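Chains, contacts and geometry: an overview
What follows is each chain in one-letter form.
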Amino acid sequence: MGVGIKVEHLNAWFGKTQALHDISIDVPANHATAVIGPSGCGKSTFVRCLNRMHETVPDARATGKVRMGELDVYNGTAAVQIRRRIGMVFQKANPFPTMSIYDNVAAGLKLNGFHDRQRLDEIVERSLKLSALWDEVKDTLRKKSGASLSGGQQQRLCIARALAVSPEVLLMDEPCSALDPISTGKIEELIFQLKENFTIVIVTHNMQQASRVAEFTGFFLLGKLIEFDKTEKIFTTPSDKRTEDYITGRFG
Amino acid sequence: MANQALGAPRLTGPQPVAKPEVVSSSRAETAPLIKAGDSRIPDGIFHGAVLSCGVCVLGLVGVIVYQLVTKSALSWHAFGWKFFFRSEWDPVNEQFGAWPFVYGTLVSSLLALVLAVPLAVGVAVFITEMCPRWLKGSLAFTTELLAAIPSVIYGLWAIFVMVPLLREYVEPFLARYLGWTGLFEGTPYGIGMLAAGIILAIMVVPIVSSITREVMTAVPQQQREAVLALGATRWEMIRTGVLRNARAGILGGVILGLGRALGETMAVTMVIGNRPEIARSLFAPGYTMASVIANEFSEATSDTYLSALVEVGLALFLVTIIVNILAQLLVWSVTRGMPRRSNA
Ligand SMILES: Nc1ncnc2c1ncn2[C@@H]1O[C@H](COP(=O)(O)OP(=O)(O)O)[C@@H](O)[C@H]1O
Ligand SMILES: [Mg+2]
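No experiment lies behind these values; they were computed from the predicted model shown. (Residues numbered from 1 in each chain as written. Chains lettered and ligands numbered in written order. Predicted model: local features only at pLDDT ≥ 70, side-chain atom pairs only at ≥ 80, totals over all residues. Heavy atoms only, no water.)

**Things to note about the overall build of chain B**
When helices and strands are counted, chain B shows twelve helices and two strands. Taken from the N to the C terminus, the helices and strands of chain B come in the order α-α-α-β-β-α-α-α-α-α-α-α-α-α. Across the 344 residues of chain B, 40% fall into the buried class. Once local pairs closer than 6 in sequence are excluded, the contacts in chain B between residues at least 24 apart make up 72%. For chain B, the exposed area adds up to about 19700 Å²; of that, 67% sits on carbon and sulfur atoms. (Helix = DSSP H or I, 4+ residues; strand = E, 2+ residues; numbered from the N terminus. Buried < 20%, exposed > 50% of the residue type's maximum accessible area, 1.4 Å probe, protein only. Contact = heavy atoms within 4.5 Å. Areas by Shrake-Rupley, 256 points an atom, 1.4 Å probe, with all protein chains shown as cover.)

Here it is as structure tokens:
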């Protein structure tokens, strides 16, 4: 089951430039939350702060408080432990090209020292079914490399890889921006099903996508959270002028 | 769609900013800017030039092989193909066999790889993944500088510094603790197969590590992030996200290093002992194909002797080709099933 994420006064820097300013937000459990805003406003930085990927960039740092369920993300827990409980899907599909489809999905579990063959088989199958890829790859699981799939299939493979470790939260950073409309549709459908069991945070450039998949939406601008509310409210009666300007296409 | 349920979102498409400039068509009709066929002649010249370069190289290899074969005919008639597997090397009685040299070349080169590859990969991992930025450039430069030192300098250093160290400390130590393997027994002369392997290893490290560094740097950042996001530690990230992706390229670097080790002459001659013997112990002296050719060419008085030396050259050529074919097969088996360019 998913857990909620509570972010308080989050600030993030790249060297001396501040990329996020005092973000406070409550991401509800078992819902999809969209993060929108123009390029460079800090959407990626924000989601990368949630699983502490931000600090893997040289000179990058973050302050503030992030709670994930019972867990204090920045205090008293190792980054490695946090990342094992949060799945992440990137903008550009990044399957491991030297591994078979099966090994791609099992990669996270094997990192965790999980080697029970039968259980692995079950989990790989379940994850690929969850990500709606099973039927397309079940005959070539061990024969084909992860990189031999099409772009949309690769992205669903990455989702399966993230789901295999049973995360509580799934972070998706513009997962469809490099995909054709049909693959995009499949992934949106997927998000719709997944949010029953996972908490999903999805960064998107596409406002229709946000309105289709997410119950909640946060609008970022220049590293600040301008507005966070029900998606319906954001897209129909936003309370901030800047949000309205953005969603009506007046800038960005 | 779900979006209807949200009422009517006020989404509008992008507004056209300015009309595109209308291109005047009259000029195109009167004088075409690009004449058809213009590019044929320079293209043809270029094509011919590169083609002749390619043919030249092929021809050169052909001439070398032809020379090696014809000049070794005498020895070939005397000993047949058994020449490559005979262990005798007796110029006085005109009995020749290349096996001790083939053995010496292969063993010293393999020993060099065994010592050099872990070190070189370690250096590359340190430079690309862990090194503080201020040290990176100078460390990379220094490693590369090692490749630019002439091999006679390595030989001199080996004779005056490395060999005494081996004789006094390293070999007695190895004999005491690893003597039971049979690889480290007998008198520790300092000079011998072990010394040759070590000096070759030092010469191979910069080649392997600079190529490993290149291919590791070329691994996309997304691969590292993919592994990290799964909760990998730094070492797991390097192993799964970087080394695994770079392995075909690293193997390529190892092959280049092996090529250098197989053909290296000067430094090896200075420390290997130059005795056409085959011994299990790495302390014993040996001889390599390149060394025997360099050392004995000027004193080869009889035609058969000279011809036998040329045939040793042919053997070196063949061994190099065989090793390269095996290496290609290895790379192929590693990359099998992978797309040609894995950039995902
Ligand atoms: N690796 C980095 N090093 C330095 N600055 C960065 C880096 N990544 C992003 N930034 C800066 O941080 C800001 C936010 O970037 P990002 O979170 O990627 O925006 P978004 O995902 O909304 O397009 C931008 O101004 C960008 O230039
Ligand atoms: Mg981004």
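**Here's the deal with the domain arrangement of chain B**
How big an interface is tends to be stated in terms of accessible area lost as the parts join. All names here are of chain B. As far as domains go, chain B holds domain 1 (3-77) and domain 2 (87-335). On the domain 2 side, the residues contacting the ten residues of domain 1 number nine residues. Overall, the association of domain 1 and domain 2 removes approximately 800 Å² of surface from exposure, summing both partners, and the carbon and sulfur fraction of that is 74%. Its largest share of buried area at the contact with domain 2, domain 1 owes to Leu68, Leu74 and Ser75, together 54% of the area lost on that side. Seen at the junction of domain 1 and domain 2, the total is zero salt bridges. Along the contact surface separating domain 1 from domain 2 lie four residue pairs in polar contact (both at pLDDT 80 or more). The biggest single contributor to the side of domain 1 that touches domain 2 is helix H2 (residues 40-71), with five residues. Here the residues of the side of domain 1 that touches domain 2 are counted per class, giving seven nonpolar, two polar and one charged. (Domains from an automatic or database assignment. Buried area = accessible area lost by both parts, 1.4 Å probe. Salt bridge = Lys/Arg side-chain N within 4 Å of Asp/Glu carboxyl O. Polar contact = N/O pair within 3.5 Å; in protein donor to acceptor, adjacent residues only side chain to side chain. Nonpolar A, V, L, I, M, F, W, Y, C, P; charged D, E, K, R; others polar.)

**Some details on the sheet that holds strand S5 (residues 71-72) of chain A**
Residues and elements named next belong to chain A. On the basis of which strands lie adjacent, the open sheet formed by four strands has the order S2-S1-S4-S5 and antiparallel pairing. Looking at strand neighbours, the two that pair on one side only are strand S2 (17-27) and S5, the edges of this open sheet. Two elements, strand S1 (residues 5-14) and S2, share seven bridges in a ladder whose sense is antiparallel. Each residue of the ladder has a partner; that of isoleucine 5, found in S2, is valine 27. (Pairing = 2+ DSSP bridges.)

**As for the nonpolar core**
Judged by nonpolar contacts, the single largest core of 108 residues is most densely connected at Ile5 and Phe46 of chain A together with Trp89 of chain B. Core analysis: the next-biggest nonpolar cluster, separate from the first, contains 28 residues, Ala162, Leu163, Met172 and Ile187 of chain A among them. (Core = buried A, V, L, I, M, F, W, Y, C linked by side-chain atoms within 4.5 Å.)

**Quick look at helix H4 (residues 99-130) of chain B**
Over its 32 residues, H4 of chain B runs 45 Å from end to end, which matches the ideal 46 Å to within 8%, given 1.5 Å per residue. At alanine 116 of chain B, H4 of chain B shows its maximal kink, close to 30°; a proline, proline 118 of chain B, follows between one and four residues later. (Expected span 1.5 Å × (residues − 1). Bend = angle between axes of the 7 residues up to and from the residue.)

**Side note on the site of ligand 1**
All names here are of chain A. Ligand 1 sits among Phe14, Ala19, Pro38, Ser39, Gly40, Cys41, Gly42, Lys43, Ser44, Thr45 and Val57. A distance of 2.9 Å is found between an oxygen atom of ligand 1 and a backbone nitrogen or oxygen belonging to lysine 43. Coverage of ligand 1 by the protein amounts to 55% of the 550 Å² it exposes when considered alone. For the shell around ligand 1, the element with the highest residue contribution is helix H1 (residues 43-50), accounting for three residues. Among the residues making up the shell around ligand 1, the classes are represented as five nonpolar, five polar and one charged. (Near = heavy atom within 4 Å.)

**Some thoughts on the pattern of salt bridges**
What the rule picks out here adds up to 25 salt bridges over all chains. The closest approach of N and O atoms between arginine 84 of chain A and glutamate 236 of chain B, which form a salt bridge, is 3.7 Å. A residue pair is termed interchain when its members come from two chains, as with arginine 84 of chain A in helix H2 (residues 79-85) and glutamate 236 of chain B in helix H9 (residues 234-263). Between arginine 167 of chain B and glutamate 168 of chain B there is a salt bridge; the shortest N-O distance is 3.9 Å. Via salt bridges that share partners, Glu136, Arg156 and Lys186 of chain A belong to a single interconnected network.

**Quick word on the environment of proline 100 of chain B**
Residues and elements named next belong to chain B. Mapped onto the fold, proline 100 is located in helix H4. What makes proline 100 buried here is its relative accessible area of 2%. For proline 100, the residues in contact, after removing those within four places along its chain, are Arg86, Ser87, Pro276, Glu277, Ile278 and Tyr287.

**A few points about the pairing of strand S3 (residues 32-36) of chain A**
All names here are of chain A. Counting buried residues in S3 gives five out of five residues, a clear majority hidden from the surface. Covered by surrounding structure in S3 are Ala32, Ala34 and Ile36 together with Thr33 and Val35, the residues of both alternating faces. Where S3 and strand S8 (residues 199-203) come together, four bridges link them in parallel fashion. Counted as the bridge partner of valine 35 is valine 203 from S8. Pairing of S3 with strand S9 (residues 216-221), which is carried by four bridges, proceeds in the parallel orientation. Paired with isoleucine 36 across the bridge in S9 is phenylalanine 219.

**With respect to the confidence of the model for chain B**
Residue and element names in this part refer to chain B. The predicted model of chain B has a mean per-residue pLDDT of 86, with 86% of residues at 70 or higher. Taken as a whole, residues 339-344 scores under 50 in pLDDT and shows 13 contacts with residues more than four places along the chain or in a different chain. Scoring of the predicted complex yields 0.81 for pTM and 0.91 for ipTM. (pLDDT = per-residue confidence, 0-100.)

**Re the sheet that holds S9 of chain A**
All names here are of chain A. The sheet built from six strands is open, its strands ordered S6-S7-S8-S3-S9-S10 with mixed pairing. The sheet is open, and its two borders are formed by strand S6 (86-89) and strand S10 (224-230), each paired with just one other strand. Strand-to-strand twist across the sheet, computed as the mean angle between neighbouring axes with direction ignored, equals 15°. Running at roughly 150° to S8, helix H7 (residues 181-194) makes contact with S3, strand S7 (169-173) and S8 of the sheet. (Axes fitted to C-alpha atoms, helices over the stretch in contact; angles between N-to-C directions.)

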